[in-house]
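Coordinate inspection notes
If you want the building blocks of each chain, they are given just below.
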Amino acid sequence: DAGVTQSPTHLIKTRGQQVTLRCSPKSGHDTVSWYQQALGQGPQFIFQYYEEEERQRGNFPDRFSGHQFPNYSSELNVNALLLGDSALYLCASSLPGQGSLDYGYTFGSGTRLTVV
Amino acid sequence: AQSVTQLGSHVSVSEGALVLLRCNYSSSVPPYLFWYVQYPNQGLQLLLKYTTGATLVKGINGFEAEFKKSETSFHLTKPSAHMSDAAEYFCAVSKAAGNKLTFGGGTRVLVKP
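So, a few notes on the structure that sits alongside this text. Everything numeric here is computed off the predicted structure, so don't read it as measured data. (Residues numbered from 1 in each chain as written. Chains lettered and ligands numbered in written order. Predicted model: local features only at pLDDT ≥ 70, side-chain atom pairs only at ≥ 80, totals over all residues. Heavy atoms only, no water.)

1. Here's the deal with the pattern of salt bridges
Under the convention used in this document: When a carboxyl oxygen of Asp or Glu lies within 4 Å of a side-chain nitrogen of Lys or Arg, that pair is called a salt bridge. By definition, any uninterrupted DSSP run of H or I lasting at least four residues is a helix, any uninterrupted run of E lasting at least two residues is a strand, and each is numbered from the N terminus. Remark: exposure states derive from per-residue accessible area (1.4 Å probe, protein chains only) relative to the maximum for the residue type, with buried under 20%, exposed over 50%, and partly exposed in between.
As enumerated under the stated definition, the model contains six salt bridges over all chains in all. In this structure, Arg 63 of chain A engages Asp 85 of chain A in a salt bridge whose closest nitrogen and oxygen atoms are separated by 2.9 Å. Here the residue Arg 63 of chain A occupies a position in the loop between β6 (53–57) and β7 (64–68), and Asp 85 of chain A occupies one in the loop between β8 (74–78) and β9 (87–94), the gap between them amounting to 22 residues. Relative accessible area serves as the criterion here: at 4%, Asp 85 of chain A is assigned to the buried category. Measuring nitrogen to oxygen at the nearest pair gives 2.9 Å for the salt bridge that ties Asp 85 of chain B to Lys 78 of chain B. The exposure classification of Asp 85 of chain B matches that of Lys 78 of chain B, with both residues buried.

Right, dumping it as structure tokens:
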């Protein structure tokens, strides 16, 4: 059973450019969340997608946007890259629903983005 | 707003010794609590979680954690450290199933032979 798959694994971009990161959720999961993990810090929530809509959003600027496709895969887009956007971007998938006894997130290995 | 504080950004233990990682949380509602482990250049792996019920939670790799509401704590322990336990550990809180996770800053564990 494949877990969460993210691509690419590493990426180098120049300031001002745009980047797209991709995520395929674990089989059977239909909710995808994105997190940013700066070096030496804990992950910070960017947003969550369910049924192709953004359901929750963290404190990130509008330069960060996303999309979820009918097959539940997701993309994270970042425009006008800044040096401070350099981080590990983690995708996590989960089952929906309040009160699920199986509640929990499955994380991918991440995409390491370096902005130069 | 929810928050998580992990006391100690680095912990060094000897192989075979007790591992104790501290986590305190702030939440306006009964929390869901998690511990994740991250090995170098990898994503996060769930060690254990508390949602409801028994306050002592057992996880993978011999780890366990106890939810103490009165102390707003969810400390992680393992009786005997193994070299393979060297990693970074994150405590996280969520206010509901399916809700976002709020992470602490992490504790890096070094295991000495």
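2. Quick look at the environment of Lys 58 of chain B
Residues and elements named next belong to chain B. Note the threshold: Contacts are assigned to residue pairs that have any heavy atoms within 4.5 Å of one another. In protein, a polar contact means a hydrogen-donor-capable atom and an acceptor-capable atom, both N or O and within 3.5 Å, with residues adjacent in sequence counting only if both atoms are side-chain atoms; elsewhere, any N or O pair within 3.5 Å suffices.
Along the chain, the position of Lys 58 falls in strand β6 (residues 56–58). A relative accessible area of 64% means that Lys 58 is categorised as exposed. Once the C-alpha coordinates of Lys 58 and His 10 are considered, the two residues, 48 residues apart in sequence, prove to be 23 Å apart. Beyond its immediate chain neighbours, meaning those up to four positions away, Lys 58 contacts Leu 48, Phe 63 and Glu 64. Polar contacts involving the side chain of Lys 58 include one to the side chain of Glu 64, which spans 2.7 Å.

3. Topic: the state of the cysteines
Let me state the cut-off plainly: Here, two cysteine sulfur atoms that lie within 2.5 Å of each other are counted as a disulfide.
Evaluated as defined, the whole model comprises two disulfides over all chains. Here Cys 23 of chain A connects covalently by a disulfide to Cys 91 of chain A, the sulfurs 1.8 Å from one another. Negative torsions about the S-S bond denote left-handed disulfides, and the value of about -65 degrees found for Cys 23 of chain A with Cys 91 of chain A makes this one left-handed. Of this pair, Cys 23 of chain A sits in strand β3 (residues 19–24) while Cys 91 of chain A sits in strand β9, and the two are 68 residues apart along the sequence. The pair formed by Cys 23 of chain A and Cys 91 of chain A is uniform in burial state, with each residue classed as buried. There is a disulfide in this structure between Cys 23 of chain B and Cys 91 of chain B, and the S-S distance comes to 2.0 Å. One quick way to see it: the torsion about the S-S bond of Cys 23 of chain B and Cys 91 of chain B is about -65 degrees, and its sign makes the bridge left-handed. Of this pair, Cys 23 of chain B sits in strand β3 (residues 19–26) while Cys 91 of chain B is found in strand β9 (residues 87–94), placing the two residues 68 residues apart along the sequence. Classification of Cys 23 of chain B by relative accessible area gives buried; the value is 0%. Residue classification places Cys 91 of chain B among the buried residues on the basis of a relative accessible area of 0%.

4. Observations concerning the sheet that holds strand β1 (residues 5–7) of chain A
Residues and elements named next belong to chain A. So the rule is basically this: Here, a strand pair is defined by DSSP locating no fewer than two bridges between the strands. All axes here are fitted lines through C-alpha atoms, helices being fitted over the stretch that makes contact, and every angle between N-to-C directions spans 0 to 180 degrees.
Spatial strand order, β1-β3-β8-β7: four strands in an open sheet with antiparallel pairing. Edge strands, defined here as strands with exactly one partner in the open sheet, are β1 and β7. Within the sheet, the average angular offset between the axes of one strand and its neighbour, ignoring direction, is 20 degrees. Bridge count between β3 and β8: five bridges; the pairing is antiparallel.

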